[in-house]
Amino acid sequence: MHRALLISEVLSEIFSHVNENRSLQTGKKLLSLEALARTCKAFHEPAMDLLWADLYGIIPLLGCVPRLHQLIYHTGSKLPSLDWSKGVDPLSEHEAHRFLHHAARVRSLHISCSADLHLFAILPIETCMFPKLLSLAFIVRRLQHKYLYIFLSPTLRRCVLSVINPDFKSFATRCVALEHLSLKIPEWERQSADNRTLLSDSVRLCKRLVTLSCLPLDWAAWKHLSDLPSLLKVSVCEPRSASRWSLDRDIVNFAHFLNVTTLSFDVNMAAYAITVMQHSEFPSLREFEVVADVLPCAEAEQLFRALSQCKANQTLEHISIAARFSKVEEPLFDSSAAVTQLLCFTHLRTVQLDLHHCIHIDNDLLLEVVSSWPHIRSLKLVDTKMPPTVTFRGLLAALRLCPHLHTLHILMDAVNIDIDPAAESFQHTTLHNLDLSQSDIEDAETVARIIFSVFPCIDRIPTQRDCWNAPVGFYKKWAEVNKHLGYLKSSAVVGGDITGTVAKS
């Protein structure tokens, strides 16, 4: 054997290519690593490190304990029964050492089944079973979350949890190297005010966070996050069953998030997100998203105005703001005011606005919008509660200013056709996705000819089968458009003209 293969670092590098080979299925990778581990003593340790590096569940490790191996694999099957550990005594101290022999190799661990965790019941709370663990996903029931301490490691960098429990603060202190924290709380899990306070206090103990996804925090936690130079991404998700969380009473100072590039909110009401934006600056922000159950027009304008004042004018590239449900109301003021708050972001590449009673786009406003966003590549402006007034003439005038636009979803007046498809010479050759399916039409053939003439890369318009938000009554009309569009495409190919111009008969 070549002397280079006696160097563990060289072997680890070679074996890692086996583990990272995407052409091999997971089972074949494991078999390859098992074979390498049995080849010779020099290969054994590096191959075993990779073999045990990533685990989904702890049953493979428990199978290393002779007493448990017989229970897990007594049928000869590689898949044990779901209740195999029912009534089984916990690990003894000696068995825990046997378990630890391979647990020390684990770098990434996903726990989603809590049925076996009682086997660790007698282990002391200071026990660290996975001393080199880098990534942990602990998605178990609340009652089993008491065993979290076993999986905590001072080397842990990434963690996903499903419950906030009383030991949450100790989690933050034991995992001092933590960089990525995500809380995936079930929708049905109600959170008390104490849990939210505990979460906020625990987040304040994390000093190296790069990404954070969690429930709404108090302002002290937001202020702490603003002081972390490592922080790049923050995502706030509020369970549907949660009560409204107000920040107003907590705010005493302003927060400057110098390096945060991505910020998102998924909330019941937008008031929380508005308050955060009104009292913060994000000079490096590139992506901003808000999804609210209900977003009235007045709150939408407040949100857009707060976003326009957060110092991200030169960096913001992606905006996505949507409301899940429509609140029955009539606009009380100029509904175009909300959109105009976003015109200061001149580097936008993606804009997705899906709202109710908030945005009334006409030809003039659409032209003003795209004039302010010369780099736009994907644009969605949808408000099904406002009457569409953009016409084909206004749409084409706007598209002349969007040479990079790839995807467009808009509501328009496709009934009153104000251009002649045979006389129109303009073509937009970069648009590949056009969604007009929530717009009403009458003359399907003429609309198809316009699309065929102007958009050579568009083969069809999404219909109700593709977009379940589209009103049912529109499906047949746009299906007819697609039928005519198909005929035109076929005729153009037969006639040798595939550029998008209708061949003359």
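Residues numbered from 1 in each chain as written. Predicted model: local features only at pLDDT ≥ 70, side-chain atom pairs only at ≥ 80, totals over all residues. Heavy atoms only, no water.

Section: the overall build of the protein
Now for step 1: Looking only at helices and strands, the protein has 16 helices and 16 strands in total.
Now for step 2: When the 505 residues of the protein are sorted by exposure, 50% land in the buried category.
Now for step 3: Restricting to contacts in the protein with at least 6 residues of sequence separation, those with at least 24 account for 72%. (Helix = DSSP H or I, 4+ residues; strand = E, 2+ residues; numbered from the N terminus. Buried < 20%, exposed > 50% of the residue type's maximum accessible area, 1.4 Å probe, protein only. Contact = heavy atoms within 4.5 Å.)

As for the pairing of strand β15 (residues 407-410)
Now for step 1: Pairing geometry for strand β14 (residues 378-383) and β15, over four bridges, is parallel. Directly across from Leu379, in β15, lies its bridge partner Leu408.
Now for step 2: Following the backbone out of β14, through helix α14 (residues 392-399) and into the adjacent parallel β15, one traces a crossover that is right-handed.
Now for step 3: Alignment of β15 against strand β16 (residues 433-435), held across three bridges, turns out to be parallel. Counterpart to Thr407 in the pairing with β16 is Asn433. (Pairing = 2+ DSSP bridges. Right-handed = clockwise from strand over helix to strand, strands pointing away.)

Structural notes on unusual backbone geometry
Now for step 1: We note that Lys311 has phi near 70°; this positive angle belongs to a residue other than glycine.
Now for step 2: Locating Lys311 in the fold gives a position in the loop between α11 (297-308) and β12 (318-323).
Now for step 3: A positive phi angle, close to 65°, is found at His357, a residue other than glycine.

Notes on the pairing of strand β3 (residues 135-138)
If a strand is regular, its side chains alternate between the two faces of the sheet.
Now for step 1: Note: strand β2 (residues 108-111) against β3, four bridges, orientation parallel. Looking across to β3, one finds that Ile111 is bridged to Phe138.
Now for step 2: Bridge analysis of β3 against strand β4 (residues 158-161) gives four bridges, and the strand direction is parallel. Bridge pairing links Leu136 to Cys159 in β4.

A word on the pattern of salt bridges
Now for step 1: Inspection of the entire model under this criterion finds 16 salt bridges.
Now for step 2: Linking Glu317 and Arg349 is a salt bridge whose minimum nitrogen-to-oxygen distance equals 3.8 Å. In this pair, Glu317 sits in the loop between α11 and β12 while Arg349 sits in the loop between α12 (337-340) and β13 (350-355), placing the two residues 32 residues apart along the sequence.
Now for step 3: The partly exposed category is assigned to Glu317, whose relative accessible area is 23%.
Now for step 4: On the basis of relative accessible area, Arg349 is assigned to the partly exposed category, the value being 28%.
Now for step 5: The partner of Glu424 in a salt bridge is Arg400, and the shortest N-O contact between them spans 3.2 Å. Of this pair, Glu424 sits in the loop between β15 and β16 while Arg400 sits in the loop between α14 and β15, and the two are 24 residues apart along the sequence.
Now for step 6: Overlapping salt bridges bring together Glu45, Asp49 and Arg105 as one network. (Salt bridge = Lys/Arg side-chain N within 4 Å of Asp/Glu carboxyl O.)

A look at the packing of aromatic side chains
Now for step 1: Within this structure, the stated rule accounts for eleven aromatic pairs.
Now for step 2: With 5.9 Å between their ring centres and 80° between their planes, Trp222 and Phe257 make a pair best called edge-to-face. Here Trp222, found in helix α9 (residues 219-226), pairs with Phe257, found in the loop between β8 (255-256) and β9 (262-269); they are 35 residues apart in sequence, far enough to count as distant. You'll find Trp222 and Phe257 in the same group, each marked buried.
Now for step 3: Their ring planes at 65° and their centres at 6.5 Å tell us that Phe265 and Phe288 sit as a pair that is edge-to-face. Residue Phe265 is found in strand β9, and its partner Phe288 is found in strand β11 (residues 287-294); the two are separated by 23 residues along the sequence.
Now for step 4: Classification of Phe265 by relative accessible area gives buried; the value is 2%.
Now for step 5: Lying across the ring of Phe426, Arg400 places its NZ or CZ 4.5 Å from the centre. (Phe/Tyr/Trp six-rings, centres within 6.5 Å; stacked < 30°, edge-to-face > 60°. Lys NZ or Arg CZ within 6 Å of the ring centre and 35° of its normal.)

Some remarks on the environment of Cys297
Now for step 1: Looking at where Cys297 falls in the secondary structure, it is placed in helix α11.
Now for step 2: Taking the C-alpha atoms as reference, Cys297 lies 9.6 Å from Ala337; in sequence the two are 40 residues apart.

Some points on helix α6 (residues 93-103)
Now for step 1: Every buried residue belonging to α6 is among Glu95, Ala96, Phe99, His102 and Ala103, and all of these are buried. The buried residues of α6 occupy one face: seen down the axis, they fall within an arc of 120°. Exposed residues pointing more than 90 degrees away from the buried face of α6 are listed as Glu93, His94, His97 and His101. (Arc of directions from axis to C-beta.)

Some points on the environment of Phe452
Now for step 1: Inspection of the secondary structure puts Phe452 in helix α15 (residues 444-454).
Now for step 2: Along the primary structure Phe452 and His484 are separated by 32 residues, whereas in three dimensions their C-alpha atoms are 9.4 Å apart.

As for helix α13 (residues 363-372)
Now for step 1: For α13, every residue scored as buried is listed here: Leu365, Leu366, Val369, Val370 and Ser372. All buried residues of α13 project into a common sector of 160° when viewed along the axis, lining one side.
Now for step 2: Of the surrounding secondary structure, the elements contacted by the buried residues of α13 are α12, β14, α14 and β15.
Now for step 3: If you check the start of α13, you find a side-chain oxygen 3.3 Å away from the backbone N of Asp364, and it comes from Asp362. (Polar contact = N/O pair within 3.5 Å; in protein donor to acceptor, adjacent residues only side chain to side chain.)

Details of the side chain of Glu299
Now for step 1: Following the sequence through the fold, Glu299 ends up in helix α11.
Now for step 2: For Glu299, a relative accessible area of 17% translates into the label buried.
Now for step 3: Residue contacts for Glu299: discarding those within four places in its chain leaves Met269, Ala270, Ala271 and Ile274.

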